[in-house]
Amino acid sequence: MSVVIPAYNAEETLDETLCSVRAQTHGNLEIIIVDDGSTDTTCALAERHAAADPRVQLLHQPNSGVAAARNAGWQQARSAFIAFLDADDLWASTKIERQLQALQAAGPRAGLAYAWTVQIDPGGFMGRCYGGIHHQGDVLSELLRGNFLCCGSNALTRREALMDAEGFDSRLRDAGFEGCEDWLLHCRIAETYAFVRVPEYLVGYRFLHNSMSSNKQRMLRSQMLACRQIAARRPDLASVAMEGLQNYCAWLMREAIDRRDPKQVWSLWWLMWKEHPTGALWVLSQLFLDPVRYVRDRLGRSMGGIGAESTMPSDQSFLEMTRF
């Protein structure tokens, strides 16, 4: 079982991330850290873990983006099963064990296993929980409507599925809008393979104000580029991809509203208007012209297809809550 961790200037979080991997109950691991041209102490920290644990190895590359780093890692990996973990996220100790069992039990047609996700803050304390998701089997349409895996640290995949999907697409970064490479890969895998789910909170998705996913405009542009690719590959699903883009824009705008950031709300809507005017009008109707639905969504929303959302007490640590 191989784990690939792309890392760029991750000195503040990488130690805790690696500890959560090394503490997995499934101990037969190959842990590959891909340093993407870091300029801080990321490499030194990774080397300390490699010196303490022979399962850990460190690769180096010039700064090329998260897609290229993930591809370098899984192409170096020796296992038939590969999981990806961002350098600021965390795993519950049973994450690999549970997902690997589920994927193997489902047979060779199953290409990807996922679990439920908890949003965590810089200190590792829990906030929103994204669970109640039960999509299995042929999930492509549901995945296009909303990224129910939530982040790039969730999936455990078969090597064959990664090869058939041709890995992560670095063209989003080349266009200046990286961010949705993991969702695009998962959609490509879902074109051919079945998904299986593990209905447990096993992934801690860390929200940092300087992280890639915190740049909402760039994430929306990245999603737009990914949707264009999907529509070109699968014209029969272009309308479903458009529905997902609308859902994603509405979710980003809700997040900006919750953070009382009207400037960002406007910039997101204007970006959507320039790309898809009819979609922008739909988003506006969902947010403001249907106040009953908007209030309901704020209290307990289905996040554009992502799934049911709830909030955990902010004084609970993800690793403490998920230790078995």
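You'll find the structure just up there.
Below you will find a few notes about this structure. Just so it is clear, the structure is predicted and the values come from calculations on it, not from any experiment.

1. Considering the packing of aromatic side chains
Then, in step 1: Counted by the stated rule, this structure contains seven aromatic pairs.
Then, in step 2: Ring geometry for F84 and F168: centres 5.0 Å apart, planes at 85°, overall edge-to-face. Of this pair, F84 sits in strand β4 (residues 81-84) while F168 sits in the loop between α6 (159-164) and α7 (171-174); the two residues are 84 residues apart in sequence, bridging distant segments of the chain.
Then, in step 3: Judged by its relative accessible area of 3%, F84 is buried.
Then, in step 4: F168 sits in the buried class, given a relative accessible area of 5%.
Then, in step 5: For R70, the ring lying beneath its charged end belongs to F168, and the centroid distance is 5.0 Å.

2. Section: the pairing of strand β2 (residues 30-36)
Then, in step 1: The element β2 is largely enclosed, with a buried count of seven among its seven residues.
Then, in step 2: Here β2 shows no split at all, with E30, I32, V34 and D36 on one side and I31, I33 and D35 on the other all buried.
Then, in step 3: Summarising the sheet, strand β1 (residues 2-7) and β2 pair through six bridges and their orientation is parallel. When the sheet's bridge partners are listed, P6 is paired in β2 with V34.
Then, in step 4: As a crossover connection, the stretch from β1 through helix α1 (residues 14-22) into β2 is right-handed.

About the criteria used
Once a new chain begins, its residue numbering starts again from 1 and follows that chain's sequence as written. Per-residue local features are limited, in this predicted model, to residues with pLDDT of at least 70; the limit for side-chain atom pairs, both in listing and counting, is 80 or more; totals at the level of whole chains, interfaces and linings are taken over all residues. As a convention, hydrogens and water are excluded, and side-chain values are obtained from all of the structure's heavy atoms. Pairing of aromatic rings covers Phe, Tyr and the six-membered ring of Trp, with a centre-to-centre limit of 6.5 Å; geometry is then stacked below 30 degrees between planes, edge-to-face above 60, and tilted otherwise. Secondary structure elements follow DSSP: runs of H or I no shorter than four residues count as helices, runs of E no shorter than two count as strands, and numbering proceeds from the N terminus. Only protein chains enter the accessibility calculation, which uses a 1.4 Å probe; a residue is then buried when its area is under 20% of its type maximum, exposed when over 50%, and partly exposed in between. Ring-over charges, as used throughout, are those where CZ of Arg or NZ of Lys falls within 6 Å of the ring centre and within 35 degrees of the ring normal. Two strands form a pair only when DSSP identifies at least two bridges running between them. With the strands pointing away from the viewer, any crossover whose connection runs clockwise from the first strand over the helix to the second is right-handed.

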